[in-house]
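Structure assessment
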Amino acid sequence: MGLASLAQANLSAPTTFTNQEIGNQDPDTVLAFFQEQFNMPDATTCFRGDANEDGNITGTFNLTGGGTITFTNTSGNAVSVAFDLTGTGHVICGFEVFGGGSANFYTVTPDEGVVSDPNNLFIIHTPENNGGQLPAISHIQVFCCPGVPDSGTAAMLLGGALAGLGLMGRYLKR
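Residues numbered from 1 in each chain as written. Predicted model: local features only at pLDDT ≥ 70, side-chain atom pairs only at ≥ 80, totals over all residues. Heavy atoms only, no water.

1. Considerations on the overall build of the chain
For the chain, the count of helices and strands is three helices and ten strands. A total of 174 residues make up the chain; the buried ones form 36% of that total. For the chain, restricting intrachain contacts to residue pairs at least 6 apart in sequence, the fraction spanning at least 24 positions comes to 65%. With the model as given, the accessible surface of the chain reaches about 9,400 Å², and the carbon-plus-sulfur share is 53%. (Helix = DSSP H or I, 4+ residues; strand = E, 2+ residues; numbered from the N terminus. Buried < 20%, exposed > 50% of the residue type's maximum accessible area, 1.4 Å probe, protein only. Contact = heavy atoms within 4.5 Å. Areas by Shrake-Rupley, 256 points an atom, 1.4 Å probe, with all protein chains shown as cover.)

2. Looking at the state of the cysteines
Applying the stated rule across the entire model yields two disulfides. What pairs with Cys46 in a disulfide is Cys144, and their sulfur atoms sit 2.1 Å apart. Sign of the S-S torsion, about 70 degrees for the bond between Cys46 and Cys144, identifies this disulfide as right-handed. Of this pair, Cys46 sits in strand 2 (residues 44-50) while Cys144 sits in strand 10 (residues 139-146); the two residues are 98 residues apart in sequence, bridging distant segments of the chain. One exposure class covers both Cys46 and Cys144, and it is buried. The disulfide partner of Cys93 is Cys145, and the gap between their sulfur atoms is 2.2 Å. (Disulfide = S-S within 2.5 Å.)

3. With respect to the packing of aromatic side chains
How two aromatic rings sit relative to each other is given by the distance of their centres and the angle of their planes. Here the structure, examined in full by the defined rule, presents 13 aromatic pairs. Considering the side-chain rings of Phe34 and Phe105, the 6.4 Å spacing of their centres and the 20 degrees angle between planes classify their relative orientation as stacked. Residue Phe34 is located in helix 2 (residues 27-37), and its partner Phe105 is located in strand 7 (residues 102-107); the two are separated by 71 residues in the primary sequence. Just as Phe34 is buried, Phe105 falls in that class too. Seen in terms of ring centroids, Phe95 and Phe122 are 6.4 Å apart; in terms of plane orientation they differ by 80 degrees. Their pairing is edge-to-face. With Phe95 in strand 6 (residues 90-99) and Phe122 in strand 9 (residues 122-125), this residue pair connects regions lying 27 residues apart in the sequence. (Phe/Tyr/Trp six-rings, centres within 6.5 Å; stacked < 30°, edge-to-face > 60°.)

4. Considerations on the pairing of strand 10
Here strand 10 lies mainly inside the structure; seven of its eight residues are buried. As judged from the six bridges shared by strand 2 and strand 10, these two strands associate in the antiparallel manner. Paired with Phe47 across the strands is Val142, a residue of strand 10. Sheet topology places strand 6 next to strand 10; eight bridges connect them, and they run antiparallel. Bridge assignment links His90 to a residue of strand 10, and that residue is Pro146. (Pairing = 2+ DSSP bridges.)

Here it is in structure tokens:
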């Protein structure tokens with residue numbers, strides 16, 4: 001059971017690129033840039049959402065291929081992210097947050113298909129401008145990769161199976 005608590009998706013520190021480096025903000029261009037830059041050729045766009053006129057994007061949205069993602073605005077033009085991809089066959093592998101002429105790209109380790117603990121949500125935001133402020137969000141693009149989301153269940157099952165085999169081996173030796 002202790003192995004279950006070790007399963008956790010991790011968000012990388014943001015990597016910033018200007019719109020000129022990316023090419024443009026066409027969803028297919030951004031996807032191709034993400035695939036090449038972060039060596040994730042199997043990544044697909046599973047969500048792209050535009051912020052409102054105030055730079056806010058909030059709510060729960062369905063992901064292409066199944067699952068949901070929830071964005072909640074925090075202070076200072078950032079959003080917290082919760083998601084559930086249980087049973088979908090894919091995992092979230094990255095985000096692009098665009099605003100102010102630049103984008104922050106984040107990658108996600110595919111350890112877990114559910115991030116919903118209010119104390120462990122991802123916080124994503126636009127790159128800081130020259131004044132040290134976070135510009136308003138223009139849009140967010142979410143990237144998914146093939147994989148089986150795991151919230152620790154597989155680790156628990158594997159551990160239980162190995163323990164059972166060990167006990168069976170001891171029993172049969174007698």
